Amino acid sequence: MSDPTIPLITQALYVVAISFFIFSLKGMSGVHTSRYGNWSGAAGMVTAIIATLLAYQIHRTDLLIIALVIGVAIGSPIALKVPMTAVPQRTAMSHAFGSLAVALVGTSEFYQRTPNIDTAPTLILSGEMILGYLTFTGSCIAFAKLQGIIPGKPLVYPGRTVVSLSSLGLAVGFAIYLVIFPSSEYALPLMTAFALLFGFLLVIAIGGADMPTVIAILNSYAGLSAAALGFVLDNRVLIVAGALDGSSGLVLGLIMSQAMNRSFLNVLFGGVGSKVTAAAEVSAQAGRSVASYTVEDIATILKDARTVVFVPGYGMAVAQAQHVVKELADIVQAQGVDVKYAIHPVAGRMPGHMNVLLAEAQVPYEQLWEMDRINSLFPETDVAIVVGANDVTNPAARTRTDSPLYGMPILNVDKAKTVVFIKRSMSPGFSGVDNELFYLPNTMMVFGDAKKVLTDLLAAMK
Ligand code: NAP
């Protein structure tokens, strides 16, 4: 049934906005349609804002315009200038601000209605505020970890689960108290403080390698919180958009947990990545030496290769080496070599990161092989060229039970006849774990910036 207090034009525009959001999700599920999906999402948001402005009488248009100008002035340069490698932390900040906005609206709604507020809206608002505030601090910590402001390692201390769950329990306890005694306004700041604390504890306890899953889940929390607020404000577009956001984040979190062989429940309650031990942190390979090679050596072995697999990772994104990778692949292929690209679901710093970069370099889609398909082909691969990847190739994920990577499916490049590793130093990857692959007899290390090394290799090949 339609709400008579909302103008018909607004209701019609809400339906249009919701359709845009659904098309957006559909579009973003495919590489070729993702650009349209993005535009569709933006169109949905503009439509929803216009519809809302039409529905309500605005008393202070000046404040609205000032907020809009400030938002556009800050947001536009960030959107235009942020490098692809920093998109995950930018996404974390979007979740932080989105969830804070939702939680603050919920808080003001509560204070406006109390003490004559019914049980149901108090219950929904309390849940909404807890989710919103915990997402805010959780997203800020995710941002700080991804940006390198604080270490990516999980903060582990005795009794940490009890401390985390107690803070959540206290937030929920104050929420219940508020539902029973809605006039006890002092319970709200206490509930807020414990929800903020829980968000902090939740993400600080999670290791960097699990951050992609955490971001998907925080996205889901922000969406669920917005949907709950939509019920209280009786705003249908907020309910639908929040539900779409919440459910898609949850599905993405589940898919990523499966891809990384993580317990979804552990990520949900902030317990993953905690298995890191002092032993794992210490370089397991101390005292062993690696074999360093020149680009001329690599050019020689590539001349005799029949099958070559490129394994891109975060370093390729940093060096912006995707175009030169494609150029090299084309030259090798022109010599009759079979060329493929191995794509790990969490290579880089955001889901689909490698797909986006390689699509930008116009690598044919058929040459991209997902992990499950390519892994069986590594034993027949003559040369695997690892371009700035590390964690996603680390055999410790299969063998070392004390490693934070243990259990994560990896690209089995160690099974290839020869592995060429291009990176600048012996530094570990995002998870901070040493890679025993560097020390294997079939590994050839080439130290240097990926773009520079590949450009030199290209020259040597020519
Ligand atoms: P990685 O393990 O972080 O390793 C990247 C390697 O690239 C580093 O060891 C680094 O070594 C090298 N590198 C950096 N700049 C370079 C340059 N200019 N030229 C050449 N090499 C360079 O990357 P990954 O193997 O792609 O694994 C991704 C990791 O990030 C996983 O742990 C994953 O869980 C995590 N993560 C993923 C996402 C996602 O959604 N995809 C999001 C957040 C976190 P040097 O410093 O020695 O050069």
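Up top is the structure these notes are about.
Residues numbered from 1 in each chain as written. Predicted model: local features only at pLDDT ≥ 70, side-chain atom pairs only at ≥ 80, totals over all residues. Heavy atoms only, no water.

Trainee: Got a minute to help me understand the overall build of the protein in this structure?
Mentor: Counting its regular elements, the protein contains 18 helices and 6 strands. For a compact globule of 462 residues, the expected C-alpha radius of gyration is about 23 Å, and the protein comes in at 25 Å, within 12% of that figure. Taken along the three principal axes of its C-alpha coordinates, the protein extends 80 × 50 × 35 Å. The burial tally for the protein puts 48% of its 462 residues in the buried class. Put simply, of all contacts in the protein between residues at least 6 apart along the chain, 77% involve residues at least 24 apart. (Helix = DSSP H or I, 4+ residues; strand = E, 2+ residues; numbered from the N terminus. Rg over C-alpha atoms; globule rule 2.2 N^0.38 Å. Buried < 20%, exposed > 50% of the residue type's maximum accessible area, 1.4 Å probe, protein only. Contact = heavy atoms within 4.5 Å.)

Trainee: What is the right way to look at the nonpolar core in this model?
Mentor: Most often, soluble globular proteins keep nonpolar side chains buried together rather than apart. The biggest cluster of nonpolar side chains holds 69 residues, and the ones touching the most others in it are Phe310, Tyr341 and Phe378. The element that contributes the greatest number of residues to this core is helix 18 (residues 450-461), accounting for 6 residues. Those residues in contact with Phe378, other than ones at most four positions away along the chain, are Val309, Val311, Ala342, Ala384, Leu411, Asn412, Val413, Lys415 and Ala416. (Core = buried A, V, L, I, M, F, W, Y, C linked by side-chain atoms within 4.5 Å.)

Trainee: Would you take a moment to explain the environment of Phe198 for this structure?
Mentor: Counting through the fold element by element, Phe198 comes out in helix 7 (residues 187-204). Judged by relative accessible area, which is 5%, Phe198 ranks as buried. Counting along the chain gives 33 residues from Phe198 to Leu165, while the straight-line C-alpha distance between them is 7.8 Å. In this structure, Phe198 is in contact with Leu134, Ser164, Ser167 and Leu168, ignoring residues within four places of it in sequence.

Trainee: Just to check I follow, could you spell out the pattern of salt bridges for this structure?
Mentor: Side chains that carry opposite charge are capable of pairing whenever their charged atoms lie near each other. In total, this model carries 8 salt bridges according to the counting rule given. Residue Asp338 pairs with Lys340 through a salt bridge whose shortest N-O separation is 2.6 Å. Asp338 gets classed as partly exposed once you look at its relative accessible area, which sits at 35%. Note that Asp402 is salt-bridged to Arg400, the shortest N-O span being 3.0 Å. By relative accessible area, which is 22% here, Asp402 ends up partly exposed. (Salt bridge = Lys/Arg side-chain N within 4 Å of Asp/Glu carboxyl O.)

Trainee: Explanation requested: the packing of aromatic side chains in the structure shown.
Mentor: When we look at a pair of aromatic rings, we describe it by the centre distance and by the angle of the planes. Across all of its chains, the model carries 7 aromatic pairs by this definition. Between Phe310 and Tyr341, the ring centres sit 5.6 Å apart and the planes meet at 25 degrees, which makes this aromatic pair stacked. One end of the pair, Phe310, is in strand 1 (residues 307-312); the other, Tyr341, is in strand 2 (residues 338-343), with 31 residues separating them in the sequence. Given a relative accessible area of 1%, Phe310 falls into the buried group. On the accessibility criterion, Tyr341 (0% relative accessible area) is buried. Taken together through their ring pairs, the aromatic side chains of Tyr177, Phe181 and Tyr186 make up a single cluster. Above the plane of the ring of Trp369 lies Arg373, whose end atom (NZ or CZ) is 3.9 Å from the centre. (Phe/Tyr/Trp six-rings, centres within 6.5 Å; stacked < 30°, edge-to-face > 60°. Lys NZ or Arg CZ within 6 Å of the ring centre and 35° of its normal.)

Trainee: What's the story with unusual backbone geometry in this structure? I'm lost.
Mentor: In most cases, non-glycine residues show a negative phi, while peptide bonds are predominantly trans. The residue after Thr114, namely Pro115, is reached through a cis peptide bond having omega 5 degrees. One can find Pro115 in the loop between helix 4 (87-113) and helix 5 (119-146). A positive phi angle is found at Asp234, which is not glycine, with a value near 55 degrees. Positive phi, normally seen in glycine, also occurs at Gln362, with a value near 60 degrees. Turning to its location among the elements, Gln362 is positioned in the loop between helix 15 (353-360) and strand 3 (368-370). For Gln362, a relative accessible area of 64% gives the class exposed.

Trainee: Help me out: how do you make sense of the sheet that holds strand 4 (residues 383-387) in this one?
Mentor: Strands in a sheet are paired, the pairing made by backbone hydrogen bonds, and the direction either parallel or antiparallel. What the 6 strands build is an open sheet, ordered 3-2-1-4-5-6; its pairing is parallel. Edge positions in the sheet fall to strand 3 and strand 6 (443-447), since each has one partner strand and no second. If you compare each strand with its neighbour and ignore which way they point, the axes differ by 25 degrees on average. In terms of strand pairing, strand 1 meets strand 4 through 5 bridges, oriented parallel. Residue pairing for strand 4: Pro312 is matched across the bridge by Val387. Across the sheet, helix 12 (residues 295-304) lies against strand 1, strand 4, strand 5 (418-423) and strand 6, angled at about 140 degrees from strand 6, the strand it touches most. Sitting on the sheet, helix 18 is in contact with strand 4, strand 5 and strand 6, with an inclination near 125 degrees to strand 5. (Pairing = 2+ DSSP bridges. Axes fitted to C-alpha atoms, helices over the stretch in contact; angles between N-to-C directions.)

Trainee: What exactly am I supposed to notice about the packing of helix 6 (residues 160-180) against helix 7 here?
Mentor: The axes of two packed helices give the description: the angle between them and the distance between them. Axis separation between helix 6 and helix 7 bottoms out at 8 Å; the angle between their running directions is 155 degrees. Comparing the axis directions of helix 6 and helix 7 gives the class roughly antiparallel. For the crossing formed where helix 6 meets helix 7, the hand is left-handed. Side by side, helix 6 and helix 7 meet where Val163, Ser164, Ser167, Leu168, Leu170, Ala171, Phe174, Ala175, Tyr177 and Leu178 of the first sit next to Ala187, Leu188, Leu190, Met191, Phe194, Ala195, Leu197, Phe198 and Leu201 of the second. Class assignment for the residues of the contact of helix 6 with helix 7 results in 17 nonpolar, 2 polar and no charged. (Parallel < 35°, antiparallel > 145°, perpendicular 65-115°, else oblique. Left-handed = near helix turned anticlockwise from the far one by under 90°. Nonpolar A, V, L, I, M, F, W, Y, C, P; charged D, E, K, R; others polar.)

Trainee: What should I look at first to understand the side chain of Asp434 in this one?
Mentor: Structurally, Asp434 is set in the loop between strand 5 and strand 6. Within the local environment of Asp434, its side chain forms a polar contact with the side chain of Tyr439, the two groups lying 3.4 Å apart. (Polar contact = N/O pair within 3.5 Å; in protein donor to acceptor, adjacent residues only side chain to side chain.)

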